[in-house]
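# Structural overview
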Amino acid sequence: MPRIVAPSMLSADFGHLDRDTRMVDRSAAEWIHIDVMDGLFVPNISFGFPVLKAIRRASAKCLDVHLMIVDPERYAGRFVEAGADIVTFHYEAARDIPACIGSIRRAGARVGISVKPATPVEVLCDLLPSVDMVLVMSVEPGFGGQAFIPEALQKVADLRAMARQLGLETLIEVDGGISARNAGAIFAAGADVLVAGSSIFGAADPEAEIVRMLNA
């Protein structure tokens, strides 16, 4: 399975966003993770279209956009137009999941679906053939710097088993409380992509921390 690290720009220095984006662009990370929050689905507000467009201009890497917003089907296509390569929406937030998947596909991006810590991965069984990736939240969405929830490991393993049983090569992404200390165990459970924010941008050498995660 591939090993991909996706640094979360939520933990970047917003006063030096271009600098931090270019650091990620020259690093061993293949993806850049962008958390979009609306203050409704989660109790915080973050990036919108202008910031995504600016990050797109500063990097040619895969832009992995995570929508933590209500009614994501209303905006998913616009995020693709702004530069997203992958758009992930929350199972718990979409009123019309097929419509949301369709709008992302028609706009030309890959589709991800995410579940919060309290949502069992079994709810995704019928949806797996329709998406490219599942994002397992290993913290409560909305804030950076939280501790990894250990139960997420079993969710990743169960999801990997489900995908294999269906004959699918679904990417599994994990987000929350991830660092080089636990990256190896998460990859071993079946994850392909690890999102990390504070552990990377708070490191003395962020590029070296990304390599440590990949080699964990």
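Everything here concerns the structure above.
Residues numbered from 1 in each chain as written. Predicted model: local features only at pLDDT ≥ 70, side-chain atom pairs only at ≥ 80, totals over all residues. Heavy atoms only, no water.

Another point: helix H4 (residues 97-107). Among all positions of H4, only Ile 97, Cys 100, Ile 101, Gly 102, Ser 103 and Ile 104 are buried. Packing partners of the buried residues in H4 comprise helix H3 (76-81), strand S4 (86-90) and strand S5 (110-115). By the N-cap criterion, in which a side-chain oxygen at the helix start approaches the backbone nitrogen of a residue two or three places on, H4 is capped by Asp 96, the distance to Ala 99 being 3.1 Å. In the stretch just after H4, Gly 108 is the one whose phi turns positive, near 100°. (Buried < 20%, exposed > 50% of the residue type's maximum accessible area, 1.4 Å probe, protein only. Helix = DSSP H or I, 4+ residues; strand = E, 2+ residues; numbered from the N terminus. Contact = heavy atoms within 4.5 Å. Polar contact = N/O pair within 3.5 Å; in protein donor to acceptor, adjacent residues only side chain to side chain.)

A few words on the packing of aromatic side chains. Considering all chains together, one arrives at two aromatic pairs under this definition. Here Phe 14 and Phe 47 contribute two aromatic rings whose centre-to-centre distance is 5.3 Å and whose plane-to-plane angle is 55°, an arrangement assigned as tilted. Of the two residues, Phe 14 is situated in the loop between strand S1 (4-7) and helix H1 (17-26) and Phe 47 in the loop between strand S2 (31-37) and helix H2 (49-58); the sequence distance between them amounts to 33 residues. The class of Phe 47 is buried, set by a relative accessible area of 8%. Their ring planes at 40° and their centres at 4.4 Å tell us that Phe 49 and Phe 79 sit as a pair that is tilted. (Phe/Tyr/Trp six-rings, centres within 6.5 Å; stacked < 30°, edge-to-face > 60°.)

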